[in-house]
Amino acid sequence: MGLVHRVRRAGPRDAAEVLRLRQVMIDAVRSEPTADWHTESLPGLRARLAEPDGEFAAFVVDHPRRPGALAALVAGTLDYRIGRAGDPHGTVGYVFSVATEPALRRRGYARACVEELLAWFRERGAGLVQLTTSAEAEPLYVSMGFARKPDPLMELRL
């Protein structure tokens, strides 16, 4: 593509926009009530975004025409899991909330954000990065070297 996108680490002032783009991503993959949870989530997200050395980071591209708005988002966390072959240190990065404003898709924003998050994971010693994806986004991740695994994800709500 050849374009350079200015990706930056999101800070506390971006929290409301991060939640808005997260909702865009959620709405694209499943139907959930919108915005009811945003007010309750906002203080915790602001606190996490204020931690420069924490285990959570979000990277964003600013909207090219709307000051204060975001065009794209990726968030990720680092997690310790007991080491194993191929990942003896057990530091795993997990990518989530990859979202682009619908009118701004296909410009490389999401790719640029994910690349920045991957660099952040590498700097912190992650030997493995995981994510779940929609069928629509899978080609992006495959082009970046991700491979589908046969292990199904299971979930328990507490």
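The shown structure was predicted, so the numbers you read here are calculated from the model rather than taken from an experiment.

Chemist: Looking at this structure, I do not really get the overall build of the chain. What am I missing?
Modeler: Tallying secondary structure elements over the chain gives four helices and five strands in all. Reading the chain from its N terminus to its C terminus gives the helix and strand order β-α-α-β-β-β-α-β-α. For the chain, whose C-alpha radius of gyration is 16 Å, the value lies close to the compact-globule estimate of 15 Å for 158 residues. C-alpha atoms of the chain, sized along the principal axes, occupy 45 × 40 × 30 Å. For the chain, with 158 residues in total, the buried portion stands at 39%. Across the chain, every contact between residues at least 6 apart in sequence was considered, and the portion connecting residues at least 24 apart equals 63%. Of the roughly 10000 Å² of accessible surface on the chain, 53% is carried by carbon and sulfur atoms.

Chemist: What's the story with the nonpolar core in this structure? I'm lost.
Modeler: If you look at soluble globular proteins, the nonpolar side chains tend to sit buried side by side. Residues Val74 and Phe121 are the most contacted members of the largest nonpolar core, which totals 25 residues. Of all elements in the fold, only strand E2 (56-62), strand E3 (70-80), strand E4 (91-100), helix H3 (109-123) and helix H4 (138-143) reach the threshold of two or more residues within this core. For this core, the element with the highest residue contribution is H3, accounting for nine residues. Other than its neighbours up to four places away in sequence, Val74 contacts Ala57, Ala58, Phe59, Val95, Phe96, Ser97, Val98, Cys113, Val114 and Leu117.

Chemist: Explain the layout of surface pockets here, please?
Modeler: The method is simple in principle: a probe with the dimensions of a water molecule rolls over the atoms, and the space it marks as empty is what remains. Its volume calculated, the second largest pocket comes out at about 870 Å³. Along the wall of the second largest pocket there are 26 residues; nearest its centre are Val129, Gln130, Leu131, Ala147 and Lys149. Going through the elements one at a time, E4, strand E5 (128-131) and H4 are the ones with two or more residues in the lining of the second largest pocket. In terms of residue count, the dominant contributor to the lining of the second largest pocket is E5 (four residues). Classifying every residue of the lining of the second largest pocket by side-chain character gives 13 nonpolar, six polar and seven charged.

About the criteria used
- Residues numbered from 1 in each chain as written.
- Predicted model: local features only at pLDDT ≥ 70, side-chain atom pairs only at ≥ 80, totals over all residues.
- Heavy atoms only, no water.
- Helix = DSSP H or I, 4+ residues; strand = E, 2+ residues; numbered from the N terminus.
- Rg over C-alpha atoms; globule rule 2.2 N^0.38 Å.
- Buried < 20%, exposed > 50% of the residue type's maximum accessible area, 1.4 Å probe, protein only.
- Contact = heavy atoms within 4.5 Å.
- Areas by Shrake-Rupley, 256 points an atom, 1.4 Å probe, with all protein chains shown as cover.
- Core = buried A, V, L, I, M, F, W, Y, C linked by side-chain atoms within 4.5 Å.
- 1 Å grid on protein atoms, 1.4 Å probe; cavity = no way out; pocket = protein on both sides within 12 Å on 5 of 7 lines; lining within 4 Å.
- Points joined across faces, edges and corners; volume = space filled by probe spheres on them.
- Nonpolar A, V, L, I, M, F, W, Y, C, P; charged D, E, K, R; others polar.

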